[in-house]
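Here is how the chains run, residue by residue.
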Amino acid sequence: MMVAFAGVVVVAGAPTITVDKLPSLLLIIGASFMWASSNVIIKKMGTIDAFQLNGWMAVLATPQLAIASFFLESDQIAKTLELSWYGIAGIVYNSVVVVIIGYAMWYFLLKRYSVNQTMPLTLSFYLSGGCVV
């Protein structure tokens, strides 16, 4: 709990929260709540196939992200065609290593251990600047 509180203090910027930082802080708190809720739901699902779960999440998220991209971004096709090999490598890394391998390992941990035991791992990874894999 101390590590979590210290993280909130760092993100919030010590005790000085100005009005311009409030929306960002609320987004972080909301995202943290959603992450915690999803892990509890996944834990209660029991035995799941991590690859199927990730596949269905990708299928359901793609149209939503495409619509958001259409309204919030511009020149997507031209920028996609101008991708360097660094950009392509980043997409492949996120798609394969982070999503497929990383989340498969995470769901294995959630299946085997309680949520209270696995959640501190995410704090330690984020505080150390590392990644889940």
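Residues numbered from 1 in each chain as written. Predicted model: local features only at pLDDT ≥ 70, side-chain atom pairs only at ≥ 80, totals over all residues. Heavy atoms only, no water.

1. Digging into the packing of helix α3 (residues 50-72) against helix α5 (residues 85-112)
Where α3 contacts α5, the two axes come as close as 9 Å, and the packing angle between them is 125°. What the angle tells us is that α3 and α5 run oblique. The two elements α3 and α5 cross, and the hand of that crossing is right-handed. Between α3, through Ala-50, Phe-51, Leu-53, Asn-54 and Met-57, and α5, the contact on the second element is made entirely by Val-99, Ile-100, Tyr-103, Ala-104 and Tyr-107. (Axes fitted to C-alpha atoms, helices over the stretch in contact; angles between N-to-C directions. Helix = DSSP H or I, 4+ residues; strand = E, 2+ residues; numbered from the N terminus. Parallel < 35°, antiparallel > 145°, perpendicular 65-115°, else oblique. Left-handed = near helix turned anticlockwise from the far one by under 90°. Contact = heavy atoms within 4.5 Å.)

2. Examining the packing of helix α2 (residues 22-44) against α5
Packing of α2 against α5 brings their axes to within 9 Å, and their N-to-C directions diverge by 65°. Relative to α5, α2 is oriented so that their crossing is right-handed. Contacts between α2 and α5 pair Trp-35, Asn-39, Ile-42 and Lys-43 from the former with Tyr-103, Trp-106, Tyr-107, Leu-110, Lys-111 and Arg-112 from the latter. Classifying every residue of the contact of α2 with α5 by side-chain character gives six nonpolar, one polar and three charged. (Nonpolar A, V, L, I, M, F, W, Y, C, P; charged D, E, K, R; others polar.)

3. Regarding the side chain of Thr-118
Its location among the elements puts Thr-118 in helix α6 (residues 115-128). Those residues within four positions of Thr-118 in sequence are excluded, and the remaining contacts are Trp-106, Leu-109, Leu-110 and Tyr-113.

4. Topic: the packing of aromatic side chains
Applying the stated criterion to the full structure yields five aromatic pairs. Here the aromatic cluster, defined as three or more aromatic residues joined through ring pairs, consists of Trp-35, Tyr-103, Trp-106 and Tyr-107. (Phe/Tyr/Trp six-rings, centres within 6.5 Å; stacked < 30°, edge-to-face > 60°.)

5. A word on the nonpolar core
Counting residues in hydrophobic clusters, the biggest one holds ten residues: Ile-42, Ile-48, Ala-50, Leu-53, Ala-104, Trp-106, Tyr-107, Leu-110, Val-115 and Met-119. Among the elements of the structure, α3, α5 and α6 are those that each provide at least two residues to this core. If we skip the residues at most four places from it in the chain, Ala-50 touches Ala-104 and Tyr-107. (Core = buried A, V, L, I, M, F, W, Y, C linked by side-chain atoms within 4.5 Å. Buried < 20%, exposed > 50% of the residue type's maximum accessible area, 1.4 Å probe, protein only.)

6. Looking at the confidence of the model for the protein
A residue-level look at the protein finds 77% of positions with pLDDT of 70 or above and a mean pLDDT of 79. The model gives residues 129-133 a pLDDT under 50, and that stretch makes seven contacts with residues more than four places away or in other chains. (pLDDT = per-residue confidence, 0-100.)

7. Observations regarding the environment of Arg-112
On the secondary structure map, Arg-112 appears in helix α5. Here Arg-112 falls in the exposed class, since its relative accessible area comes to 56%. Between the C-alpha atoms of Arg-112 and Lys-43, which are 69 residues apart in sequence, the distance is 9.2 Å.

8. Quick look at α5
Here α5 is 28 residues long and its end C-alpha atoms lie 38 Å apart, about the 40 Å a rise of 1.5 Å per residue gives. Maximum bend of α5: about 30°, positioned at Gly-102. Along α5, the residues classified as buried are Gly-102, Ala-104, Trp-106, Tyr-107 and Leu-110. (Expected span 1.5 Å × (residues − 1). Bend = angle between axes of the 7 residues up to and from the residue.)

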